[in-house]
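# Chain and residue survey
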Amino acid sequence: MLEKQTRKELIDKALLKAGWDVNDKTKVAKEYYIKDNISLNESPYTYDKNFADYILLGNDNYPLAIVEAKKTMINAQAGKQQAFDYAKLISEKSNREMPVIFYTNGYDLYCWESEIQAPKKVLGFPTHDDLERRQFLIKNKINFTQVEINSDISGRPYQMQAIRAVTEEIEKAKSKFLLVMATGTGKTRTCIGLIDVLMRANRVQRVLFLVDRIALQEQAVEAIQDYLPHTTIWPHKNEKDLVYGRRVYVVTYPTLLNEIQKETCRFSPHYFDLIIADESHRSIYNTYKQIFQYFNAIQLGLTATPTDRINHDTFELFNCDKGIPTFAYSYKQAVENVPPYLCDFEVLKFRSLYQKDGISHSTILETQKDKLIAEGTDIDSISYEGSDLEKKVSNRGTNELIVSSFMEDSIKDPEGVLPGKTIMFCMSKAHAYRMEDIFNTFYPEYKGKIAEVLVSEKKGVYGKGGLLDKFKNSNLPRIAISVDMLDTGVDVREVVNLVFAKPVFSYTKFWQMIGRGTRILDLDKMKNWCISKEKFLIIDCWDNFDYFKIKAKGRDLKAQTPLPVKLFRLRLKVLQAAITTSQKEIVDKQKNKLKELISILPEQSIVVKDIKRKLDIVKAEEFWDNLTIDKINVLENSIAPVFRVLSSCDFKAMRFENDIIEYSLMRITSEDSEAEFVKQKIISNVKKLPLSINTVAVQEKLINEIINHKRLDKANDSELEHIITSLAPLMRFRSKQENDFVELDIADRVITHEYIEFGAENEQLSVEKYKQLMELKIRNMIKSNNVLQKIRDNKEISDDELSELAKNLHNTDLDITQDKLQKIYQNRKATLIQFMKHILGCEPLLTTETIISNAIDRFIAKHLNYSSKQIEFMMVLKKVLIDNNRITRKDLTLAPFTQLNQKGILGLFDKIQREEIIALIEKISA
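This is a predicted model, so every value here is computed, not measured.

### Side note on the sheet that holds strand 13 (residues 327–329)
The strand order 9-10-8-11-12-7-13 describes an open sheet built from 7 strands, whose pairing is parallel. Looking at strand neighbours, the two that pair on one side only are strand 9 (233–234) and strand 13, the edges of this open sheet. Direction of pairing for strand 11 (residues 274–277) relative to strand 12 (residues 298–303): parallel, over a ladder of 4 bridges. Directly across from A277, in strand 12, lies its bridge partner G301.

Now the structure itself:
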């Protein structure tokens, strides 16, 4: 295609789609020379023999952008230098900012904001408003060192360090970043703090915040409204349809992907200046990569997955060299900080007989066999593995055992009656509702309010006053029974119990689930029904911790080939096999089927647009005349993968079609044993079609012929296609067999339950249970113990009185000692008096470590313009002071400080800053 034709048929249309009418000379100047003396009121621009193919004009008639066009057969990048020269010429002659540079061959389009970053391949032109906004930001940008971080939003040192790490990289012209921060460390607040800095520095105006579920959308909107109250946000209140013109959009991945695939998409590829992608794990790369390809913006990924477990594809998506994120802050760092930013946890391992050994004649308790026989059950027919529970069989006795053990061992409220806020993770929705029924049966006094199933499709889950809102903010329900919905992202600080009532095989998901309990309580905002939270308890009913200890990464989940991709490739294999065996009728039929499949690819999909040149070639009839090996490779490697974008198909019908095509292929290639296996699979699915439904009954004759093994054996290629056409649409009616799932109600028993030992008789209780009883015991003792009364009243205690108190505590039935208190509270330096004051509610447990940490953190919060390296220096200083209790001036120029800068403090701070730090150290030491 010649350049003139390229412009007319491809580039002009692409510009028009972005609102640029090439025939409107007030908006677009094309094929004109650039003049030596540029006048803002004069068009066209001319200069010697140089001319730009298109100039996109701003409101003041100054060029916002230059577009250099090349014909389709020339690499678009050949126009890069030419376009740059024109833009530079315009800028120099007018003494104004550089226009944005575009160069294209009609298929590939590159955008180059030469003053701030390297060229990028983009998927469309910006609108007039986009370019005006981008030019304003470029012209008015402020150096980040002049913009302080708002400590009311992101005041923790590591949050400030994360923000500085990103802004420093932006100054180096980078545009993709990845933050790895443990669940509960405030990823959302860190991002809001970053948005605030970027907006005040005139680097961004429009922000897209992507989340993977509605609950997280509501949570993010609420947080942004709290911390950026003057920013317009979508959605506002109950808005459902996306609207134009807001500053911040909080959108779920599916909603945004659906929007950009519309012909009428209201967002150009340049609409947003910043994209924040929450929960940036493998599915983001596989399923939603199109979003990141579509938008030309700064892109920031967030994940709580530990750095050594992040998939390579995620690092690649955010351009992280050698698997190193922009910034990382781990769960271990957060827990070990003084004071801790996250709660640590204890694990109570629970395992029942049937979970371990399965349910069969040999494992069923003798007391239950008579019950089953009386009910008419054939005991010999019962044979299930432990892993079959809640998949092939449900046993109420096992579920009752989990509920009763939880109610016994869970962390309770101050009265020791109701469990604290709890999330119970179940295997399926049916399992969740069975658990809810058991809670209601066991505890009818709570009138069905103690536990609630929270699943996305349940009416009344979301919104103000919904079940999730009540779980967060009301006394009841205490237990949220979840199936996936609460596994990630939902922030309920009051959660003190997690129950893993299902096995987990993904390391990433496992830690996301643990993260539901890691939040520290804000003591100033505690609800009256809430309890203090030093740790939280995990009751592990399926040996998940053992599983990940043995095989830390969990099961290696192989990436599944999407069904539409698999179907296209199968038909391609049938075509190849038919060519090899000279079966022309099959060749022609499969060519037509492949062309039909290609024709349904959504043209608005980013993935489809990205290979438009190849698709245009493949759609031409001459491509199919002589299918060479090279052409087959194009179909296999370039076209087939694009079918992953088909997300609204009838997958049950497609799976049946896939089986028939696979059967056809096995027959053509004479793989008889494989063909027989696939045939039996087809027959099994056809058997499940219910003839009681009229639509299905119409095909009764064909169904019976297939079931009776007559039709498939003799069917040729045309007849197999007829079977697909007739039966595939009916597969949605396929019913489960009656015996697919069995429900039993037989008693189970506990075989694994780990405790803490105490007392002369080595009595056993869980750590948390012991702690509850011990605190209750001490609070009750105060009524008759003078020493405890004096501690409560902050009166002086003699050594003899302290010894007498220690003796009295030791002689209780709980055998309370200072050593045991130090272990339980994980505080090896606190004294007995400090523990008593803490338990009696007089004062929190403050250690030297806490005093040092608080002082350093307050100091950092006062220096909001510190760089990421300077913040890191202060964090290292905190650790050294905690470890050694003292430090000299000379020490600040030695290791470990020289690992940050070879001169230590001298290389990172000026004289005034150094003296401030020395004064801080002296104050702490005093």
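Right, picking up where we left off after that structure.
### Focus on the side chain of T363
Along the chain, T363 falls in the loop between strand 15 (359–360) and helix 12 (366–374). Judged by its relative accessible area of 12%, T363 falls in the buried class. Separated by 2.9 Å, the side chain of T363 and the backbone nitrogen of S360 make a polar contact. Look past the residues within four positions of T363 in its chain and what remains in contact with it is L353, Y354, D357 and G358.

### Brief notes about the pattern of salt bridges
In the structure shown here, the tally under the stated rule is 50 salt bridges. Residue K679 pairs with D713 through a salt bridge whose shortest N-O separation is 2.9 Å. Residue K679 is located in helix 24 (residues 672–687), and its partner D713 is located in helix 27 (residues 711–714); the two are separated by 34 residues in the primary sequence. On the basis of relative accessibility, which here comes to 41%, the residue D713 falls in the partly exposed class. Each of E113, D130, R133, R134, R206 and D273 takes part in salt bridges that share partners, so that together they form one network.

### Comments concerning the environment of K923
Mapped onto the secondary structure, K923 falls in helix 37 (residues 911–925). Between the alpha carbons of K923 and K701 there is a distance of 92 Å; along the sequence they are 222 residues apart.

### Focus on the environment of D241
The topology assignment puts D241 in the loop between strand 9 and strand 10 (248–252). A relative accessible area of 61% means that D241 is categorised as exposed. Note: C-alpha distance between D241 and T255 (14 residues apart in sequence) is 9.9 Å.

### Notes on the pairing of strand 8 (residues 207–211)
By the criterion of burial, strand 8 is predominantly enclosed, with 5 of the 5 residues buried. Of the two faces of strand 8, the one carrying V207, F209 and V211 and the one carrying L208 and L210 are both buried. The pairing of strand 8 with strand 11 spans 4 bridges and is classified as parallel. Looking across to strand 11, one finds that V207 is bridged to L274.

### Some thoughts on the packing of aromatic side chains
Enumeration according to the criterion identifies 34 aromatic pairs in this entry. Each ring, one from F272 and one from F295, has its centre 5.3 Å from the other, and the planes form 75°; the classification is edge-to-face. Here F272, found in the loop between helix 7 (253–260) and strand 11, pairs with F295, found in the loop between helix 8 (282–294) and strand 12; they are 23 residues apart in sequence, far enough to count as distant. With respect to class, F272 is no different from F295; both count as buried. The aromatic ring of Y271 is capped on one face by R206, whose charged end is 4.0 Å from the ring centroid.

### Here's the deal with the confidence of the model for the protein chain
In the predicted model, the protein chain carries a mean pLDDT of 86, and the fraction of residues at 70 or more is 91%. Within the model, the stretch residues 36–48 combines pLDDT values under 50 with 40 contacts to residues more than four positions away or in other chains.

### What about the nonpolar core?
Core analysis: the biggest nonpolar cluster contains 102 residues, and F873, M874, L877 and I917 have the highest contact counts within it. Tallying contributions element by element places helix 35 (residues 868–884) first for this core, with 8 residues. If near-sequence neighbours (up to four positions away) are discounted, L877 is found in contact with I856, I887, L892, F897, I917 and I921. If you look at the next biggest cluster of nonpolar residues, it comprises 60 residues, including L627, I661, A675 and M731.

### Some thoughts on helix 4 (residues 157–171)
In this model, helix 4 (15 residues) spans 21 Å end to end at C-alpha, consistent with the 21 Å of a helix rising 1.5 Å per residue. Buried residues dominate helix 4, accounting for 13 of its 15 residues. Backbone geometry just downstream of helix 4 places A173 in the positive-phi region, at approximately 75°.

### Re the environment of R749
Positionally, R749 belongs in the loop between strand 23 (742–744) and strand 24 (750–753). The exposure class assigned to R749 is partly exposed, which follows from its relative accessible area of 42%. Those residues in contact with R749 that lie beyond four places of it in its chain are R351, S352, L353, L365 and L401.

### With respect to the packing of helix 13 (residues 396–409) against helix 14 (residues 429–442)
Packing of helix 13 against helix 14 brings their axes to within 10 Å, and their N-to-C directions diverge by 60°. Here helix 13 is positioned oblique relative to helix 14, judged by the angle of their axes. Here helix 13 runs over helix 14; the crossing is right-handed. Of the residues in helix 14, those in contact with R396, N399, E400, I402, V403, S404, F406 and M407 of helix 13 are H431, M435, D437, I438, F439, T441 and F442.

### Some remarks on the state of the cysteines
In this structure the tally under the stated criterion is 0 disulfides. There is no disulfide at C111, and the cysteine sulfur nearest it, in C265, is 17 Å away. Assessed through its relative accessible area of 4%, C111 is described here as buried.

### Observations concerning unusual backbone geometry
With glycine set apart, most residues show a phi of negative sign, and most peptide bonds adopt trans. Along the chain, V338 connects to P339 via a cis peptide bond; the corresponding omega equals -5°. With respect to the helices and strands, P339 occurs in the loop between helix 10 (331–336) and strand 14 (344–352). For A173, which is not glycine, the phi torsion reads 75° and is therefore positive. Note that A173 resides in the loop between helix 4 and strand 7 (176–181).

### Let's talk about the pairing of strand 14
Regular strands place side chains that alternate from one sheet face to the opposite one. Counting buried positions along strand 14 gives 7 out of 9 residues, so the element sits mostly inside the fold. Where strand 14 lies against strand 22 (residues 535–540), 6 bridges are found, and the strand directions are parallel. Residue E346 lies in a different strand from strand 22, and its bridge partner there is L537.

### Side note on the packing of helix 26 (residues 700–707) against helix 28 (residues 717–727)
At a minimum axis distance of 11 Å, the contact between helix 26 and helix 28 shows a crossing angle of 125°. Accordingly, the angle class assigned to the pair helix 26 and helix 28 is oblique. Regarding helix 26 and helix 28, the two cross each other, and that crossing is left-handed. Residue-level inspection shows L702, I703 and I706 of helix 26 in contact with helix 28, the latter providing H722, I723, S726 and L727. Broken down by class, the residue content of the contact of helix 26 with helix 28 amounts to 5 nonpolar, 2 polar and no charged.

### Focus on helix 37
Here helix 37 spans 21 Å end to end across 15 residues, near enough to the 21 Å set by a 1.5 Å rise per residue. Of the residues making up helix 37, those classed as buried are Q913, I917, I918, L920 and I921. Viewed end-on, helix 37 has its buried residues packed into an arc of 155°, placing them on one side of the element. Seen from the open side of helix 37, the exposed residues pointing more than 90 degrees away from its buried face are K911, I912, E922 and K923. Two or three places before I912, at the start of helix 37, stands the capping residue D910, its side-chain oxygen 3.2 Å from that residue's backbone nitrogen.

Calculation rules
The numbers attached to residues start from 1 for each chain and follow its sequence in the written order. Only residues with pLDDT of at least 70 get local features here, since the model is predicted, and only at 80 or more are side-chain atom pairs given and counted; chain-wide, interface and lining totals rely on the full set of residues. Only heavy atoms go into the side-chain values, all of them from the structure, while hydrogens and water stay out. Pairing between strands is defined by DSSP: at least two bridges between them are needed. Helix and strand definitions follow DSSP, with helices as H or I runs of at least four residues and strands as E runs of at least two, each counted in order from the N terminus. For each residue, the accessible area found with a 1.4 Å probe, counting protein chains only, is set against the maximum for its type, and the residue is called buried under 20%, exposed over 50%, and partly exposed in between. Here a polar contact is taken to be a pair of N or O atoms separated by no more than 3.5 Å, where protein atoms must pair a possible hydrogen donor with a possible acceptor and residues adjacent in sequence count only if both atoms sit in side chains. Here, residues are in contact when the closest pair of their heavy atoms is within 4.5 Å. A pairing counts as a salt bridge when a side-chain nitrogen of Lys or Arg comes within 4 Å of a carboxyl oxygen of Asp or Glu. Geometry of aromatic contacts follows a simple scheme: Phe, Tyr and Trp rings, the Trp one being its six-membered ring, pair when their centres are within 6.5 Å, and the pair is stacked under 30 degrees between planes, edge-to-face over 60, tilted otherwise. For a ring to carry a charge above it, either NZ of a lysine or CZ of an arginine must fall within 6 Å of the ring centroid while also lying within 35 degrees of the normal to the ring plane. Confidence of the predictor at the level of single residues is captured by pLDDT, which takes values from 0 to 100. Put simply, a nonpolar core is a bunch of buried Ala, Val, Leu, Ile, Met, Phe, Trp, Tyr and Cys residues held in one set by side-chain atoms that sit within 4.5 Å of each other. The span you would expect from a helix comes to 1.5 Å times its residue count less one. Only C-alpha atoms enter the line fits that serve as axes; for helices the fit covers just the stretch in contact. Angles between N-to-C directions range over 0 to 180 degrees. Roughly parallel here means an angle under 35 degrees, roughly antiparallel means over 145, roughly perpendicular means 65 to 115, and every remaining angle is called oblique. By convention, the crossing between two helices is left-handed when the near helix turns anticlockwise from the far helix through less than a right angle, and right-handed when the turn is clockwise. Count a disulfide wherever a pair of cysteine sulfur atoms falls within 2.5 Å. Under this grouping Gly is polar, as are all residues other than the nonpolar Ala, Val, Leu, Ile, Met, Phe, Trp, Tyr, Cys and Pro and the charged Asp, Glu, Lys and Arg. Of all possible arcs, the one meant is that of the directions from the helix axis to the C-beta atoms.

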